[in-house]
Amino acid sequence: GKKPFLFINSIKMSVLQHALASHSSAQLKRAPLHTKPRRKPCIVAAVDAPQSENQQGQLKGGVSIRRRPPLGRETQPCGSLQMRVTGMPEENKPRNILEEIVWWKTAEVDQMRERVPLVMLQQAAKGAPAARDFKAALRKKADETGKPGLIAEVKKASPSKGVIQPDFDPVRIAKAYEAGGAACLSVLTDERYFQGSFQNLLDIRAAGVTCPLLCKEFIVEAYQVFKARASGADAILLIAAVLPNQDLLYFSKAAANLGMQCLIEVHTEEELARVLEVPGVENHLLGINNRDLGTFKVDLGLTEKLMSSPPGQQAKERGIVVTGESGIFTPDDVAEVQKAGVGAILVGESLVKQGDPAAGVRQLLSLPAQ
């Protein structure tokens, strides 16, 4: 029979795969037995220079989300203990949920790196089977159906809605999406806020799902790019509100070197104009998120507004695949964003909460029943 997708060629790689997927498992040994483990230095507070804002609330590089607390983390490592700094001013707290998630990601990546060193992760990523062409799959399905290519999202919960699908089986849902006519899948990997995991990526790919997979992670470090590829992802999400163009270029190049594409997400006309300046952006996809990730309010009309703006027209002229995201629940919603000029849509909540996700996909895209 066919060999499983997972690239397990030895017991050593099997152990590595287990470590990649488990955030709560025992740590891998990082030093030979004859050496003493190094202890982290005791740091009471790490103070960063405050990030200056302009009148629109944007930080340097055009981003609107601070990557870390401006005065350092309240909790700091001190050997095997954690030291807490009290009396921090209000400005050192997250201003919205996206900023809270981004700040947590920095600490989470540190924990991941403790379990699986970057060099091991790089080896696993580079030894993975070739990535599938995410953008080509969307275009192919759009040509077949006359509808925007669908990226169906495998999502259990969200910070704004709580648990969306209590009977959550990522493999069952992924297979149903594919059977219903989805072009690609988006898999939430964040554990704390969305109850996802990199294990879901591994399981879906191992189950034989052939749709290209988007790793829906809040990426702030290159480590996550390698982790996505090692877990079977074919594309990654990059958020313009979080990442300045320098980082967008760096991460998109890292992804491309691993055979992956990027879905670069914007929410404002200013972000869209800025992202269009990133070299090589035509090789990736753009996403217009109708949900404000700071407040989680949704405005479906945002897609039309941005697509009709000068940078939106430029994206069309340059042939860039633009994806409409969030707030898409009905065939009329699909028609609205398609009329605005998008070539793809990303839909999660309205599909994943259904008992029959395959039927939900066909109904959303007005496809005939099978």
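Residues numbered from 1 in each chain as written. Predicted model: local features only at pLDDT ≥ 70, side-chain atom pairs only at ≥ 80, totals over all residues. Heavy atoms only, no water.

A short note on the overall build of the protein
For step 1, the next point in the chain: Secondary structure summary: the protein contains 14 helices and 12 strands in total.
For step 2, the next point in the chain: The burial tally for the protein puts 53% of its 370 residues in the buried class.
For step 3, the next point in the chain: Relative to all contacts within the protein whose residues are 6 or more apart in sequence, the contacts with residues 24 or more apart total 69%.
For step 4, the next point in the chain: About 17300 Å² of surface is accessible on the protein, with carbon and sulfur atoms providing 52% of the total. (Helix = DSSP H or I, 4+ residues; strand = E, 2+ residues; numbered from the N terminus. Buried < 20%, exposed > 50% of the residue type's maximum accessible area, 1.4 Å probe, protein only. Contact = heavy atoms within 4.5 Å. Areas by Shrake-Rupley, 256 points an atom, 1.4 Å probe, with all protein chains shown as cover.)

Quick look at unusual backbone geometry
For step 1, the next point in the chain: Even without glycine at this site, Gln 195 takes up a positive phi of about 55°.
For step 2, the next point in the chain: Secondary-structure assignment places Gln 195 in the loop between β6 (184–188) and α6 (198–206).
For step 3, the next point in the chain: Its identity is not glycine, yet Ser 366 carries a phi of approximately 55°, on the positive side.
For step 4, the next point in the chain: Its place among the elements puts Ser 366 in the segment after α14 (357–364).
For step 5, the next point in the chain: Judged by its relative accessible area of 45%, Ser 366 is partly exposed.

Remarks on the nonpolar core
For step 1, the next point in the chain: Leu 150, Tyr 177, Leu 185, Ile 236 and Leu 286 are the most contacted members of the largest nonpolar core, which has 103 residues in total.
For step 2, the next point in the chain: Counting residues per element, this core draws most heavily on helix α2 (residues 97–115), which supplies nine residues.
For step 3, the next point in the chain: In this structure Leu 150 touches Leu 138, Ala 182, Ala 183, Cys 184, Ile 345, Val 347, Leu 351, Val 361, Leu 364 and Leu 365, once residues within four positions along its chain are discounted. (Core = buried A, V, L, I, M, F, W, Y, C linked by side-chain atoms within 4.5 Å.)

Comments concerning the environment of Thr 210
For step 1, the next point in the chain: Examined against the element boundaries, Thr 210 turns out to sit in the loop between α6 and β7 (213–216).
For step 2, the next point in the chain: The spatial distance from the C-alpha of Thr 210 to the C-alpha of Cys 184 is 8.8 Å, given a sequence separation of 26 residues.
For step 3, the next point in the chain: Non-local contacts of Thr 210, meaning those with residues more than four positions away in its chain, are made with Arg 132, Glu 178 and Arg 205.
For step 4, the next point in the chain: Within the structure, Thr 210 has its side chain in polar contact with the side chain of Glu 178 (distance 2.6 Å). (Polar contact = N/O pair within 3.5 Å; in protein donor to acceptor, adjacent residues only side chain to side chain.)

Side note on the pattern of salt bridges
For step 1, the next point in the chain: Per the stated rule, a full pass over the model turns up 15 salt bridges.
For step 2, the next point in the chain: Arg 67 is paired through a salt bridge with Asp 247; the nearest N and O atoms lie 2.8 Å apart. Taken together, the positions of Arg 67 in the loop between α1 (11–21) and β1 (75–78) and Asp 247 in helix α8 (residues 245–257) put the pair 180 residues apart, joining distant regions of the chain. For the pair Arg 67 and Asp 247, a shared accessibility class is recorded, and that class is buried.
For step 3, the next point in the chain: Of the charged contacts, one joins Lys 140 and Glu 144 as a salt bridge, the two residues approaching to 2.6 Å between their closest N and O atoms. Here Glu 144 and Lys 140 lie together in helix α4 (residues 134–145), a separation of four residues that amounts to about one turn.
For step 4, the next point in the chain: Overall, the relative accessible area of 48% leaves Glu 144 in the partly exposed class.
For step 5, the next point in the chain: Here the salt bridges share partners, and the residues they tie into one network are Lys 105, Glu 108, Asp 190 and Glu 217. (Salt bridge = Lys/Arg side-chain N within 4 Å of Asp/Glu carboxyl O.)

Some details on the pairing of β6
As a general feature of sheets, a regular strand has side chains that alternate between the two faces.
For step 1, the next point in the chain: With five of five residues buried, β6 is to be regarded as a mostly interior element.
For step 2, the next point in the chain: Burial of β6 is two-sided: the residues Cys 184, Ser 186 and Leu 188 facing one way and the residues Leu 185 and Val 187 facing the other way are all buried.
For step 3, the next point in the chain: One ladder, built from four bridges, connects strand β3 (residues 149–154) with β6; its direction is parallel. Its bridge partner being in β6, Ile 151 is matched across the sheet by Cys 184.
For step 4, the next point in the chain: Here β6 pairs with β7 via four bridges, running parallel. (Pairing = 2+ DSSP bridges.)

Quick notes on the packing of aromatic side chains
For step 1, the next point in the chain: Throughout the structure, instances matching the rule amount to two aromatic pairs.
For step 2, the next point in the chain: Residues Tyr 250 and Phe 251 carry aromatic rings whose centres are separated by 5.4 Å and whose planes lie at 50° to one another, so their mutual orientation is tilted.
For step 3, the next point in the chain: By relative accessible area, which is 2% here, Phe 251 ends up buried.
For step 4, the next point in the chain: Here the basic side chain of Arg 192 rests over the ring of Trp 104, its NZ or CZ set 3.6 Å away from the ring centre.
For step 5, the next point in the chain: A cation sits over an aromatic face here: Lys 227 above Phe 198, 4.9 Å from the ring centre. (Phe/Tyr/Trp six-rings, centres within 6.5 Å; stacked < 30°, edge-to-face > 60°. Lys NZ or Arg CZ within 6 Å of the ring centre and 35° of its normal.)

What to know about the sheet that holds strand β10 (residues 285–289)
For step 1, the next point in the chain: One closed barrel holds the eight strands; their spatial order is β3-β6-β7-β8-β9-β10-β11-β12, and the pairing between them is parallel. Neighbour-to-neighbour, the strand axes of the sheet open up by a mean angle of 25°, direction not taken into account. (Axes fitted to C-alpha atoms, helices over the stretch in contact; angles between N-to-C directions.)

Structural notes on the side chain of Arg 67
For step 1, the next point in the chain: Since its relative accessible area comes to 15%, Arg 67 is described here as buried.
For step 2, the next point in the chain: Among the polar contacts listed, one links the side chain of Arg 67 to the backbone oxygen of Val 220, at a separation of 3.0 Å.

A word on the environment of Pro 94
For step 1, the next point in the chain: By the secondary structure assignment, Pro 94 is in the loop between β2 (81–84) and α2.
For step 2, the next point in the chain: For Pro 94 and Ile 65, which are 29 residues apart along the polypeptide, the C-alpha to C-alpha distance reads 9.2 Å.
For step 3, the next point in the chain: Apart from residues lying up to four places away in sequence, Pro 94 is in contact with Arg 66, Glu 99, Glu 100 and Trp 103.

Observations concerning the packing of α2 against helix α7 (residues 222–230)
For step 1, the next point in the chain: One can describe the packing of α2 onto α7 by two numbers: an axis separation of 10 Å at closest approach and a directional angle of 60°. When the interaxial angle is binned, α2 and α7 end up oblique. Seen from above, α2 lies across α7 with left-handed handedness. Here Lys 105, Val 109, Met 112 and Arg 113 of α2 come into contact with α7, specifically with Tyr 223, Gln 224 and Lys 227. (Parallel < 35°, antiparallel > 145°, perpendicular 65-115°, else oblique. Left-handed = near helix turned anticlockwise from the far one by under 90°.)

A word on the confidence of the model for the protein
For step 1, the next point in the chain: Confidence along the protein averages 85 in pLDDT terms, with 80% of residues attaining 70 or more.
For step 2, the next point in the chain: Low pLDDT, under 50, characterises residues 1–57; the stretch is placed with 91 contacts to residues that sit more than four places away or in other chains. (pLDDT = per-residue confidence, 0-100.)

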